[in-house]
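Structure at a glance
What follows is the residue order along each chain.
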Amino acid sequence: MLRVDIITIFPDYFSEVFDYGIIRRACAAGLVSIQPHDLRSWTSDKHHVVDDRPFGGGDGMVLKPEPIFAAVESLAGARRRENIAATKRVVLLSPQGKRLTQSIASDFAKSEQLILICGRYEGVDERVADALVTDEISIGDYVLSGGEPAALVVVDATVRLIPGALGSETSVTTESFSEASNGSLDYPHYTRPPEFEGMRVPEVLLTGHHGEIARWRRDAAEEKTKRNRPDLLKKE
Ligand code: ADE
C-alpha cells in the first residue's frame, strides 16, 4: 500500500479529484491511500501564519520553513533528508524542480510513502529544498499559481503505475515513454466507424495482418514523435 500525504494550504482543493476512474479504484482496492493535510495545522501562532516577506526585498510572500519542517517531521518521522527512510520520498512541487518523467513516476510508485509539499505565493524558503526534501519536481516549463495541480499530476502519473492499478498491465508497457516503445510516443489509435466525415481509418488496420499492423504502428509512432517531440529521438 502506497501512502500519499499532501501538504497544502488548500486541502479542500483535493476533496473530489481522486474520486474518479483509476485512482478511485486503486484507493478502493487498498493499493493507495491519499490524505491531504492543512499546512496551517502545523503553525503555533494564533493567526496560523504560513508565509512572510522575502529577505532581500522583492514582491510576494514566501512560505516559512517552520510549519513545513514540522509537517514532514510528523508525517515522515524526520526533519532532515538524510534521516528520512529510503522507502519514503519527500517531494517539493516547484517550477525550479527536476522535470517529472515516466521514470520518476515509476520510482515514486515503488515507494511506501510519498509526501508532496505544494509550494505557494512567490516561493518556498530554500532551506526546505536544501535540507528537507528528497526530490524537487516541476511538471513542466510554465509557472502555476501553486503546487496543487502539480501534486495532482504526480499522484495520477504515480498511482496508475502501481501494479494492479490498471486493468491490463500491457497498456503500461507499450504506452508513450515506456521502455518497450523505445522512448517514442504511442502509436495512433482508431475505432469505429471505419469512415467518419470522409476520413478513413488506415486500411492496414482493417486487414487483420498482425505483422503489417505492428510495422505500421512502429512507423506511425516514429513519424509522430519526429513531428511533435523530436527531442525524444535525439537521446540515443
Ligand atoms: N508550482 C508552480 N509551478 C509549478 C510547476 N510548473 N511544477 C510544479 N510545481 C509548480
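Summed over all chains, the structure comprises 3 aromatic pairs. Both rings, one in Tyr13 and one in Phe14, keep their centres 5.0 Å apart while their planes meet at 75 degrees; by these two values the pair is edge-to-face. Chaining the aromatic ring pairs together yields one cluster made of Tyr13, Phe14 and Phe18.

A word on the sheet that holds strand E7 (residues 123-124). Pairing is mixed across the open sheet formed by 3 strands, whose spatial order is E3-E4-E7. Two strands lie at the open edges of the sheet, namely strand E3 (51-52) and E7, each paired on one side alone. By the bridge criterion, 2 bridges tie strand E4 (residues 62-63) to E7 in an arrangement that is parallel. Considered in E7, the bridge of Leu63 is made with Val124.

Next up on the list: the sheet that holds strand E6 (residues 113-118). Whenever strands of a sheet pair, they do so through backbone hydrogen bonds, lying parallel or antiparallel. The strand order E2-E1-E6-E5-E8 describes an open sheet built from 5 strands, whose pairing is parallel. Every interior strand has two partners, whereas the edge strands, strand E2 (32-38) and strand E8 (135-138), have only one. Sheet twist, expressed as the average angle between the axes of neighbouring strands with direction ignored, equals 30 degrees. In this sheet, E8 lies alongside strand E5 (residues 88-99) in parallel orientation, the contact comprising 5 bridges. Within E8, the position partnered with Val91 by the bridge is Asp135.

The next point concerns the domain arrangement of the protein. Domain boundaries in the protein define domain 1 (2-159) and domain 2 (170-232). The gap between the C-alpha centroids of domain 1 and domain 2 is 36 Å.

Looking now at the site of the ligand. As a structural note, the neighbourhood of the ligand is formed by Leu93, Ser94, Pro95, Ile137, Ser138, Ile139, Gly140, Tyr142, Val143, Leu144, Gly146 and Ala150. For the ligand, a nitrogen atom lies 3.0 Å from a polar atom in the backbone of Ile139. In the environment of the ligand, a nitrogen atom lies 3.2 Å from a nitrogen or oxygen atom belonging to the backbone of Gly140. Starting from 260 Å² of accessible surface for the ligand in isolation, the protein chains cover 96%. Among the cavities detected, the one that contains the ligand is the second largest pocket. At the level of secondary structure, the elements contributing two or more residues to the shell around the ligand comprise E5 and E8. Among the elements that make up the shell around the ligand, the one with the highest residue count is E5 (3 residues). Taken together, the residues that form the shell around the ligand break down as 8 nonpolar, 4 polar and no charged.

Reading the values: rules and limits
Residues numbered from 1 in each chain as written. Predicted model: local features only at pLDDT ≥ 70, side-chain atom pairs only at ≥ 80, totals over all residues. Heavy atoms only, no water. Phe/Tyr/Trp six-rings, centres within 6.5 Å; stacked < 30°, edge-to-face > 60°. Pairing = 2+ DSSP bridges. Helix = DSSP H or I, 4+ residues; strand = E, 2+ residues; numbered from the N terminus. Axes fitted to C-alpha atoms, helices over the stretch in contact; angles between N-to-C directions. Domains from an automatic or database assignment. Near = heavy atom within 4 Å. Polar contact = N/O pair within 3.5 Å; in protein donor to acceptor, adjacent residues only side chain to side chain. Areas by Shrake-Rupley, 256 points an atom, 1.4 Å probe, with all protein chains shown as cover. 1 Å grid on protein atoms, 1.4 Å probe; cavity = no way out; pocket = protein on both sides within 12 Å on 5 of 7 lines; lining within 4 Å. Sits in = over half its atoms within 2 Å of the grid points. Nonpolar A, V, L, I, M, F, W, Y, C, P; charged D, E, K, R; others polar.

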